[in-house]
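Structural features, examined
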Amino acid sequence: MSVLTEASVDTVSMPADDHLQGDLLEISMGPVHPSTHGVFRMNLLLDGERVVKLKPVFGYLHRNHEKIAEHETYLGSMPYTDRLDYICSITNNWAYALAVEKLAGIPVPERAEYLRVITGELTRLQNHAGLIGFLLQDMGASGTPLMYAFREREKILDLFEALTGARMMCNYMRFGGCRCDLPAGWMEQAKKVVDEFPRFLDEFESLLRTNEILMERTQGTGIVTREQAINAGLSGPMARASGVNYDLRKVDKYGIYDRFSFRVPLGEHGDVYDRFMMRLLEMRESLEILKQAMRDIPSGPHKDPNTKIRNFRPKAGEAYGRIEAPKGELGFYLISDGGPNPYRYRVRPPSLINLTLLEQMCIGHNVSDIVIILGSIDIVLGEVDR
Amino acid sequence: MNLEEIKSQIEANVPGCSLQILLNGSPSGQHSLLVDKEHGLTVASYLRDGASPKFDYCSNVTGVDWPLKETSTKQKTKKIVDGVESEVEEVIKTATGNYLEVVYHLFSMDARQGPLVLRMRTEDRVDQVHLPSLTPVWRSAELQEREVYDLFGVVFDGHPDLRRLLMWDDFKDHPMRKDYVDPDDYEYEPTAHDEVLKRMQAHYAAQGAPSASEETR
Amino acid sequence: MLGEGIIKGLAETARNFFGSYVNKERLTTVQYPEERLPRIEATRDFPFLVYDGDDWEKGLRCVACQICEKECPPKCIYIEKSKDKKPDAVGKPQNYPAKFDIDVSVCMSCQICVEVCPFDAIKMDVQFELSSDDRFGGLLLTKDKLAKSNEYYHEIHPTEAAGVDAALAEDREKEKEKQRLAAAAAAAAAAAKAAAAAAAPPTTVAATKDGAGSGGAAKEEAK
Ligand code: SF4
Ligand code: SF4
């Protein structure tokens, strides 16, 4: 532009529509794109770098989990729930077990509740650690923070493996309790991990929390207001970053969450930075819960002795059970017709519903900001597409 | 939260709507409220803005398929035929189902109550499958109603962007319906013994193409 | 100060980088496959069939009850029951699996088959290096590939295997006790019959048998 003097502009005959304005560019981002956290696709309409329109396209990982579950016994669906949000298999198991327990009225022994809280909060820790690693990776902090986060996550996965036999596909909960009790030495190891975790958090915070580049990029990006968040059904850290005080651990007090004292961090602006901070703060609260649970865990049976695993037939009826999964409200809606398989089995996937406002969050931002907005939502495509 | 109270609240404020409480036999005790589809949208906006508590958070939206189910029960009745009392067996046929149902799970954020289970039913499963969309009331229903449209075939009137969500655009059927049969040209991963392998072999034999499984064996 | 955050972050990276030379906590990876991490005991991947004794075909604990086949969520187990019966590890005549295949490319390592098996016949293995380019030859495990000895089971899951062995031994004790009681009861029943026959007019052969006294004793014993 600067080379064109005023005179030359006059002499060059410009066509009616402004060429420098350019056309809108339509591109497809994904489905195989390193920053979409899986096979997720967005159709973008761009004005230069700026997003004018964005339409998410789902379904690349769709396997109709709900239909499969209608052909499985109640127990048979448990390992499939591991594969929904494959980062947090234990909380998926928990939500499903909770829904079935509601449906059939199964009591859960005390020790099992503690085991659930301990494994569930460890799941939240490793999910959030992984997520902030990925988020920083998306921002261009290539590798380093992600590796640090994964190093810590690995320690928790080792605990899962020692307890359940698998690092990610734990398949740990059963209706009325947990599959197995803690092996010898597990608690000591877990206590050690929990004690050392704050050091990692401190390091992690000093690494990037006050980094000027990070603040510049994340503050004011992808804003969701409180009203929007409620109306769009956002849940979990996404909603709380927008100031919605709704944590199912406090609201429903499912299991034994009323016994622990912990705080619910709330954001103010609802931007990417708040969502990033939300995860950091939630990890600290999870550690508090873990300490209390590990201190108080009683001895006793780890599952309800009267619940059969085979030939399990709840009587006709329906139930909706939900928990505060690391990504938000994970619910299972089950209808039983009295048979061995559920008549209807529905997963309320937090990852999918948190994407409702994706377009609105991205409009007006640059393409590179879409990546961090998407990263801050925390989606796992196994759960989005089911 | 009492479902009866909410029902009478709605009835007082939304004139002309017909509500029905459906009881739930399971220990969860989550009974639901069946709303007629003509007043679905007004009832929903009343629940969000006017009711107490206000149900501002619509958590879960899903569909249920209830195909026509005929059950026949035999009943013995005494009849007097020509002055002689005799026992006659009568077969009573009852037909249930033959509709698609959409279920909304509502919660109240401030009052921390819920779930309020709202249901709406279509007239049948073939062409009268229109229901009002509640997306204008709760945005959270947007993607979930699309999913119900995709997998069950309920058409939501008033939805801003009703397209398939999970299946591809030119896919024809609705996979979550109970009578859905998957097409046999589906790309199965053949396993060693099950009927999937046989179906796949039959499919390729009919086409005259070499069976993929034979090649891999 | 502008840039303070960046400097802090760099200092942290430097600490981790140099720390990884001296501190195991900061360097947790190993060079697979030359180096391996110690195996965690509870680790599971694919199922195998346990046999007792030396002969794998004779010693299989599996009695082809097909419960696991029915319960396996992705249906990757295929069993054909034998037509004849042969003694199992305990010595009772049982069916045995004429065919027992597990398609490990479908198996999702969920362990449900292990949980539902009433005979402790199927357990989880730890062998994970199974990759093969032969879909059916390499990944459809047949009975002979699946059968592993109880000693092997003890080697990979010592605690669990010890528990299983103890439970099995207890079951066997109970079984023996039951058999003994059943035998005694049968004897008593026979004796009672004989006694009844004896009480009847002495026309039958049974009446000549002297069983009344001992039958009464057996009855006492059985109680
Ligand atoms: S492995 Fe166990 S459950 Fe399966 S057929 Fe054999 S005995 Fe039955
Ligand atoms: S581990 Fe699970 S998937 Fe594999 S054979 Fe056993 S039941 Fe089937």
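Residues numbered from 1 in each chain as written. Chains lettered and ligands numbered in written order. Predicted model: local features only at pLDDT ≥ 70, side-chain atom pairs only at ≥ 80, totals over all residues. Heavy atoms only, no water.

1. Points about the overall build of chain B
As a reminder, the rule being used: Secondary structure elements follow DSSP: runs of H or I no shorter than four residues count as helices, runs of E no shorter than two count as strands, and numbering proceeds from the N terminus. Exposed residues in this analysis have more than 50% of their type's maximum accessible area, buried residues have under 20%, and partly exposed residues fall in between, with area computed by a 1.4 Å probe over protein chains only.
For chain B, the count of helices and strands is five helices and nine strands. Along chain B, from the amino end to the carboxyl end, the secondary structure elements read α-β-β-α-β-β-β-β-β-β-α-β-α-α. Taken over 217 residues, chain B has a buried fraction of 47%.

2. Notes on the interface of chain C and chain A
So the rule is basically this: The contact criterion used throughout is that any non-hydrogen atoms of two residues lie within 4.5 Å. The buried area of a pairing is the accessible area, by a 1.4 Å probe, that goes missing from both parts when the two are put together, added over both. Within this document, salt bridges are pairs made up of a side-chain nitrogen of Lys or Arg and a carboxyl oxygen of Asp or Glu, the two lying within 4 Å of each other. Think of a polar contact as two N or O atoms within 3.5 Å of one another; within protein, one of them needs to be a possible hydrogen donor and the other a possible acceptor, and neighboring residues in sequence only count if both atoms come from side chains.
The partner chain A presents 33 residues to the 31 residues of chain C that form the contact. Taken together, both faces of the contact between chain C and chain A bury some 2,800 Å²; the carbon and sulfur share is 47%. With a shortest N-O distance of 2.6 Å, Arg-174 of chain A and Glu-115 of chain C are connected by a salt bridge. At the boundary of chain C with chain A, the tally comes to eleven residue pairs in polar contact (both at pLDDT 80 or more).

3. Comments concerning the pairing of strand β10 (residues 344-348) of chain A
Residue and element names in this part refer to chain A. Filter applied, for reference: At least two bridges found by DSSP between two strands are what make those strands a pair.
Of all five residues in β10, five are buried; the element is thus mostly enclosed. Residues Arg-344, Arg-346 and Arg-348 point to one face of β10 and Tyr-345 and Val-347 to the other, with burial holding for every one of them. When strand β9 (residues 328-336) meets β10, the two strands line up antiparallel, connected through five bridges. Paired with Gly-331 across the bridge in β10 is Arg-348.

4. Some remarks on the packing of aromatic side chains
Cut-off, in case you're wondering: Planes of paired rings set the category: under 30 degrees apart is stacked, over 60 is edge-to-face and the rest tilted, where pairs are Phe, Tyr or Trp rings (Trp by its six-membered ring) whose centres lie within 6.5 Å.
Evaluated as defined, the whole model comprises 25 aromatic pairs over all chains. Look at Tyr-114 of chain A and Phe-260 of chain A: their rings are 6.0 Å apart centre to centre, the planes differ by 90°, and that puts the pair in the edge-to-face class. Of this pair, Tyr-114 of chain A sits in helix α5 (residues 110-138) while Phe-260 of chain A sits in the loop between α11 (248-251) and α12 (272-296), and the two are 146 residues apart along the sequence. Where Tyr-246 of chain A meets Tyr-57 of chain B, the ring centres are 5.4 Å apart and the plane angle is 75°; that geometry is what we call edge-to-face. With Tyr-246 of chain A in the loop between α10 (237-241) and α11 and Tyr-57 of chain B in strand β3 (residues 57-66), the pair connects residues from two separate chains. Overall, Tyr-246 of chain A belongs to the buried group, its relative accessible area being 5%.

5. Things to note about unusual backbone geometry
Residue Pro-33 of chain C is reached from Tyr-32 of chain C by a cis peptide bond, and omega for that bond is 0°. Mapping Pro-33 of chain C onto the fold places it in the loop between α1 (4-22) and β1 (47-51). Of note, the phi angle at Asp-378 of chain A is positive, near 70°, even though the residue is not glycine. With respect to the element layout, Asp-378 of chain A can be found in the loop between α15 (367-377) and α16 (381-384).

6. So, the sheet that holds strand β1 (residues 19-22) of chain B
Residues and elements named next belong to chain B. Convention followed: Think of each axis as a best-fit line through the C-alpha atoms, taken over the contacting stretch in the case of a helix, with angles from 0 to 180 degrees between the N-to-C directions.
If you walk across this open sheet you meet the five strands as β1-β2-β7-β6-β3, and the pairing is mixed. At either end of the open sheet lies a strand with only one pairing partner, and these are β1 and β3. Between one strand axis and the next, the sheet turns by 25° as a mean value, whatever way the strands run. The pairing of strand β6 (residues 99-108) with strand β7 (residues 113-121) spans seven bridges and is antiparallel. Bridge assignment links Leu-106 to a residue of β7, and that residue is Leu-116. Sheet contacts for helix α1 (residues 3-13): β1, β2 (32-35) and β7; angle to β1, the most-contacted strand, approximately 170°. Seen against the sheet, helix α2 (residues 40-50) touches β2, β6 and β7 and runs at an angle of roughly 170° to β7.

7. Some points on the interface of chain A and chain B
Worth spelling out the cut-off: Throughout, the ten residues Ala, Val, Leu, Ile, Met, Phe, Trp, Tyr, Cys and Pro are labelled nonpolar, Asp, Glu, Lys and Arg are labelled charged, and all others, Gly among them, are labelled polar.
Contacts between the two partners involve 47 residues from chain A, matched on the other side by 48 residues from chain B. Regarding the contact of chain A and chain B, the summed buried area is about 3,800 Å², with carbon and sulfur atoms giving 53% of it. Among the residues chain A hides against chain B, the three largest losses belong to Asn-231, Glu-318 and Tyr-343 of chain A. Together they make up 16% of the total. The interface formed by chain A and chain B includes four salt bridges. Arg-119 of chain B is the partner of Glu-318 of chain A in a salt bridge, and the nearest nitrogen-oxygen pair spans 2.9 Å. Counting every contact that joins chain A to chain B gives 28 residue pairs in polar contact (both at pLDDT 80 or more). Those elements that provide at least two residues to the side of chain A that touches chain B are α2 (65-70), α4 (89-104), α9 (226-231), α11, β8 (317-325), β9, β10 and α13 (350-353) of chain A. In terms of residues, the side of chain A that touches chain B owes the most to one element, β8 of chain A, which gives five residues. Grouping the constituent residues of the side of chain A that touches chain B by class yields 20 nonpolar, eleven polar and 16 charged.

8. As for the packing of α5 of chain A against helix α7 (residues 186-208) of chain A
Residues and elements named next belong to chain A. Short version of the rule: For classification, angles of less than 35 degrees are called roughly parallel, those exceeding 145 degrees roughly antiparallel, those between 65 and 115 degrees roughly perpendicular, and all remaining angles oblique. Two helices that cross are described as forming a left-handed crossing if the nearer one is turned anticlockwise from the farther one by less than a right angle, and a right-handed crossing if clockwise.
Their axes nearest at 12 Å, the elements α5 and α7 cross at an angle of 25°. By the angle class used here, α5 and α7 are roughly parallel. In this structure, α5 crosses over α7, and the sense of that crossing is left-handed. Only Trp-186, Met-187, Val-194, Phe-197, Phe-200, Phe-204 and Leu-208 of α7 make contact with α5, whose side of the interface consists of Ile-118, Leu-122, Leu-125, Ala-129, Ile-132, Gly-133 and Leu-136. Of the residues in the contact of α5 with α7, the class split is 13 nonpolar, one polar and no charged.

9. Description of a nonpolar patch on the surface
Rules: Candidates for patches are residues over 30% relative accessible area with no salt bridge; among them, like charges are joined within 9 Å and nonpolar side chains (Val, Leu, Ile, Met, Phe, Trp, Tyr) within 5 Å. Only the protein chains shown count as cover for residues, and all accessible areas are computed by the Shrake-Rupley method using a 1.4 Å probe.
Taken together, the side chains of Phe-17, Phe-18, Tyr-21 and Val-22 of chain C define a hydrophobic patch exposed on the protein surface, amounting to about 540 Å² of accessible area. Relative to the helices and strands, Phe-17 of chain C resides in helix α1.

10. Considerations on the pattern of salt bridges
Residue and element names in this part refer to chain A. For the structure shown, the criterion picks out 53 salt bridges over all chains. A salt bridge links Arg-279 to Asp-378; the shortest N-O distance between them is 3.9 Å. Pair noted here: Arg-279 is in helix α12 and Asp-378 is in the loop between α15 and α16, with a separation of 99 residues, a long-range link. The pair formed by Arg-279 and Asp-378 is uniform in burial state, with each residue classed as buried. Among the ionic contacts, a cluster of salt bridges with common partners joins Glu-121, Arg-124, Arg-240, Asp-247, Arg-249, Glu-282 and Glu-324.

11. Side note on the site of ligand 1
Keep this limit in mind: Throughout, the term near means that a residue has one or more heavy atoms lying within 4 Å of the molecule or strand in question.
Around ligand 1, the neighbouring residues are Cys-62, Val-63, Ala-64, Cys-65, Gln-66, Ile-67, Cys-68, Ile-79, Cys-117, Phe-119, Ala-121 and Ile-122 of chain C. Of the residues contributing to the shell around ligand 1, the split by class is eleven nonpolar, one polar and no charged.

12. Let's talk about the sheet that holds strand β8 (residues 147-149) of chain C
All names here are of chain C. Taking strand neighbours across the sheet as the criterion, the three strands line up as β6-β1-β8 in an open arrangement whose pairing is mixed. Both edges of this open sheet fall to β6 (122-124) and β8, since each of them pairs with a single strand only. Recorded for the sheet is a direction-independent mean angle of 50° between the axes of neighbouring strands. The sheet contact formed by β1 and β8 spans three bridges and is parallel. Bridged to Leu-49 within β8 is Ala-147.

13. Details of helix α6 (residues 144-164) of chain A
Residues separated by three or four positions in an α-helix point in the same direction, a consequence of the helix having 3.6 residues per turn. Residue and element names in this part refer to chain A. As a reminder of what qualifies: Expected helix span is given by 1.5 Å per residue-to-residue step, counting one fewer step than there are residues.
In this model, α6 (21 residues) spans 30 Å end to end at C-alpha, consistent with the 30 Å of a helix rising 1.5 Å per residue. The buried count for α6 comes to 16 of 21 residues, which makes it a mostly enclosed element. Just downstream of α6, Gly-165 is the residue with a positive phi angle, here 95°.

14. Focus on the domain arrangement of chain A
Interfaces are often described in size by the accessible area the parts lose on coming together. Residues and elements named next belong to chain A. What counts, and what does not: Where each domain begins and ends follows an automated or database-derived domain assignment.
Assigned domains within chain A: domain 1 (6-57) and domain 2 (65-385). Distance from the C-alpha centre of domain 1 to the C-alpha centre of domain 2: 37 Å. Across the contact, 18 residues belong to domain 1 and 19 residues belong to domain 2. A combined buried area of about 1,500 Å² lies between domain 1 and domain 2, and 68% of that area is made up of carbon and sulfur atoms. Where domain 1 touches domain 2, the interface holds one salt bridge. Viewed at the interface, domain 2 and domain 1 are joined by five residue pairs in polar contact (both at pLDDT 80 or more).

15. Regarding the packing of α7 of chain A against α12 of chain A
All names here are of chain A. Close contact between α7 and α12 brings their axes to 11 Å; oriented N to C, the two are set at 160°. Looking at the two axes, α7 sits roughly antiparallel to α12. Considering only the axes of α7 and α12, their crossing is left-handed. In this structure, α7 uses Met-187, Ala-190, Lys-191, Val-194, Asp-195, Phe-197, Pro-198, Leu-201, Asp-202, Phe-204 and Glu-205 to contact α12, whose residues at the interface are Leu-280, Met-283, Arg-284, Leu-287, Leu-290, Lys-291 and Met-294. Along the lines of polarity and charge, the residues of the contact of α7 with α12 split into twelve nonpolar, no polar and six charged.

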